[in-house]
Amino acid sequence: MSRKVLVVDDEESIVTLLQYNLEQSGYEVITAMDGQEGLNKVLTEAPDFVILDLMLPELDGIEVCKQIRQRKVNVPILMLTAKDDEFDKVLGLELGADDYMTKPFSPREVIARIKAIFRRSQIHAENSELNETEHEDGELLKLGALKIFPERYEAYFQENQLELTPKEFELLLYLAKHKGRVLTRDQLLSAVWNYDFAGDTRIVDVHISHLRDKIEVNTKKPVYIKTIRGLGYKLEEPKGE
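First, a word on what this report is: a plain description of the structure on this page. Residue numbers restart at each chain and count upward from 1, following the sequence in its written direction. At least 70 in pLDDT is required for a residue's local features to be given in this predicted model, at least 80 for side-chain atom pairs to be given and counted, and no such filter applies to totals for whole chains, interfaces and linings, which use all residues. To obtain the side-chain values, all non-hydrogen atoms of the structure were used and water was disregarded.

Numbered from the N terminus, helices here are DSSP runs of H or I no shorter than four residues, and strands are runs of E no shorter than two. Counting its regular elements, the chain contains nine helices and 12 strands. Per-residue and other accessible areas follow the Shrake-Rupley method at a 1.4 Å probe size, with only the shown protein chains counted as cover for residues. Here the chain displays about 12,200 Å² of accessible surface, and carbon together with sulfur accounts for 46% of that area.

Structure follows, in structure tokens:
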């Protein structure tokens, strides 16, 4: 059964280009030309993936993304924009987009991004079928009350499963695998966002903030993810745990 991709863009040439290339790659494609129509199709058509333009009539892409996440719909979202604007990138990711691309883009690169996100989702889905005994037999990273199962794409804090976006998980995992080491924002950007974000290290700060909201008891005095002023971040095991 083919995966269903929703393309939401008001530029007919972009929609046509993406639809053709996605269908050639075996995806079922549905389209919408404005934000409200796009939101409606997310809710009624249940796509497996959404390609969402930022600048749309009716509702812009930021508002569509926000409303999708407010409705607890976890469909992966790739945002597109014609603007090379760091604020828009950060805001889109803050509101729950999984990835971001700036126009003009290569359809091949869009499809590569989609496949990468689907691979992560598939690993998560397959490993979620394992029972708890099998989980414990697999690779486990443990720091204080934080447990990370890399093969399952799952993390737990105080025995509660964390709701993490793919990038949040990858960032947490990378920090955990390099615990105790100071990692610069550029290092984290290169390792987790392994394509050119043109030095938008603010994206790293946004995701660190999201992680702290989920694993720190007091985000004002973090004990896990420490900021090393002028350098970057490091993940530590809390003292006494």
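Structure shown, so let's carry the discussion forward.
Strand order in the open sheet made by the four strands is 6-7-8-9, with antiparallel pairing throughout. On the outer flanks of this sheet lie strand 6 (141-143) and strand 9 (160-161), each paired with one strand and no other. Pairs of strands are assigned from DSSP output, requiring at least two bridges between the strands. Sheet analysis places strand 8 (residues 154-157) next to strand 9, joined by two bridges and oriented antiparallel. Considered in strand 9, the bridge of Y156 is made with Q161. What makes two residues a contact is simply this: any of their non-hydrogen atoms within 4.5 Å. Between the N-to-C directions of two axes lies an angle of 0 to 180 degrees, each axis being a line fitted to C-alpha atoms and, for a helix, fitted only over the stretch in contact. Each of strand 6, strand 7 (146-149) and strand 8 touches helix 7 (residues 166-177); the most contacted strand, strand 7, lies at about 105° to it.

Mapped onto the elements, A155 comes out in strand 8. Summary of the burial criterion: residues with accessible area below 20% of their type's maximum are buried, those above 50% are exposed, and those between are partly exposed, where the area comes from a 1.4 Å probe applied to protein chains only. Residue class for A155 comes out buried when judged on its relative accessible area of 1%. For A155 and L141, which are 14 residues apart along the polypeptide, the C-alpha to C-alpha distance reads 9.2 Å. Apart from the residues within four sequence positions on either side, A155 is in contact with K147, I148, N160, Q161, L162, L164, F169 and L172.

Of all the positions in helix 8 (residues 185-192), only L188, L189 and V192 are classed as buried. Down the axis of helix 8, the smallest arc covering the buried residues is 100°, so these residues share one side. In helix 8, the exposed positions that point more than 90 degrees away from the buried face belong to D186 and S190. The directions from the helix axis to the C-beta atoms are what the arc is built from.

Moving on to the side chain of K147. As for its position among the elements, K147 is in strand 7. For the purposes of these results, a polar contact is taken to be a pair of N or O atoms within 3.5 Å, where, inside protein, one atom must be able to donate a hydrogen and its partner to accept one; residues adjacent in sequence count only when each atom of the pair is a side-chain atom. Here the side chain of K147 touches E159 through a polar contact of 3.4 Å, side chain to side chain. Leave out the neighbours within four places in its chain, and K147 touches L140, L141, K142, E154, A155, Y156 and E159.

All right, on to the sheet that holds strand 5 (residues 99-102) then. In spatial order, the strands read 2-1-3-4-5; together these five strands make up an open sheet with parallel pairing. The strands lining the two open edges of the sheet, one partner per strand, are strand 2 (28-32) and strand 5. Adjacent strand axes in the sheet meet at a mean angle of 20° when their direction is disregarded. Seen against the sheet, helix 1 (residues 12-24) touches strand 1 (4-8), strand 2, strand 3 (49-53) and strand 4 (77-81) and runs at an angle of roughly 165° to strand 2.

What follows deals with the environment of I51. Residue position: I51 is located in strand 3. Residues I51 and V7, 44 residues apart in the sequence, show an inter-C-alpha distance of 4.8 Å. Excluding residues within four positions of it along the chain, I51 makes contact with V5, L6, V7, V8, L18, L22, L78, L80, V110 and I114.

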